[in-house]
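Listed below, chain by chain, are the residues.
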Amino acid sequence: CEERINKLGSIDFSWIGEHVAKKQAWGEKFEELKLFKVNCGHVEVPQTYEDNPKLGRWVSNQRKWYRNYKLGKKPQKSIGICEERINKLGSIDFSWIGEHVAKKQAWGEKFEELKLFKVNCGHVEVPQTYEDNPKLGRWVSNQRKWYRNYKLGKKPQKSIGICEERINK
C-alpha cells in the first residue's frame, strides 16, 4: 500500500479530485471577496484589479455564470453558479450587474432626465449647480468635459465618458 502511494506521489498525483479542488477554489475566492469588502466597503472588484487580478476575473465570471444560469444554461460540472453560491454571494450584497453595466444604465437614466429638462425648460443648458437636480448639472458638465477630451483623442475610462453612440443620441 505504501509503495503504491509513493509511486502515485512520484508523478504528482492529486489526492483530491478536480471537482473538490474547484469547489475549494470557489470557497477561497469567496473568502477573498469577503476580505475585499471588509477593506473597501463594497464588493465591486474591478475586472482588472491590480492587487488581485484573479479575484477580478472570478467576480466577472460569477456574473457571467449567473446570467447563463438565469437563461437556463447548465454550468459545467463543478464550476459555474448554483443556488447555494447565489445565496452566499447575496449574503454579502453581491451585485449581479457589474459596475460597467450599472454605469451604462446610469448614463441612460441621466440622458432621460436631460430630455425631460429640455421639455420643461426648452433647452439643455443645465446649470452645474442646478438646485432641483444637482446630479444632473454635474452629469451635463461631465459630458462636455468628456466630449472635449474625446475630440482631443483622449480615451475615456471603460463604461464612462463619451463615445460615438452617446454623441449621436
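Here, every reference points to the structure presented above.
Model, not experiment: these values are computed from the prediction. (Residues numbered from 1 in each chain as written. Predicted model: local features only at pLDDT ≥ 70, side-chain atom pairs only at ≥ 80, totals over all residues. Heavy atoms only, no water.)

What follows covers helix α4 (residues 83-90). Every α-helix carries 3.6 residues per turn, so stepping three or four residues along brings you back to the same face. What α4 keeps buried is the set Arg85, Ile86 and Leu89. Buried residues of α4, viewed axially, fall in a sector of 105°; they line one side. (Buried < 20%, exposed > 50% of the residue type's maximum accessible area, 1.4 Å probe, protein only. Helix = DSSP H or I, 4+ residues; strand = E, 2+ residues; numbered from the N terminus. Arc of directions from axis to C-beta.)

What follows covers the pattern of salt bridges. Any two side chains of opposite charge can pair if their charged atoms end up close together. Overall, the coordinates contain seven salt bridges when judged by the stated rule. The residue Lys29 makes a salt bridge to Glu32 at a minimum N-O spacing of 3.2 Å. Separated by three residues within a single helix, Lys29 and Glu32 lie in helix α2 (residues 18-40), roughly one turn from each other. On the basis of relative accessibility, which here comes to 17%, the residue Lys29 falls in the buried class. Judged by its relative accessible area of 27%, Glu32 is partly exposed. A salt bridge links Glu44 to Arg63, with the shortest nitrogen-to-oxygen separation between them at 3.4 Å. Remark: Arg63 occurs in helix α3 (residues 53-70) and Glu44 occurs in the loop between α2 and α3; sequence separation between them is 19 residues. In this structure Arg63 comes out as buried when scored by relative accessible area, which is 7%. (Salt bridge = Lys/Arg side-chain N within 4 Å of Asp/Glu carboxyl O.)

Looking now at the side chain of Lys110. Note on placement: Lys110 falls in helix α5 (residues 99-121). You can call Lys110 buried: its relative accessible area is 16%. Setting aside residues no more than four positions away along its own chain, Lys110 makes contact with Lys135, Leu136 and Trp139. (Contact = heavy atoms within 4.5 Å.)

Moving on to the nonpolar core. One finds Leu33, Trp58 and Leu89 to be the most contacted residues of the largest nonpolar core, which totals 18 residues. For this core, the secondary structure elements donating two or more residues are α2, α3 and α4. In terms of residue count, α3 provides more of this core than any other element does, five residues in total. Ranked by size, the runner-up nonpolar core spans nine residues in total, among them Trp107, Leu114, Val126 and Trp139. (Core = buried A, V, L, I, M, F, W, Y, C linked by side-chain atoms within 4.5 Å.)

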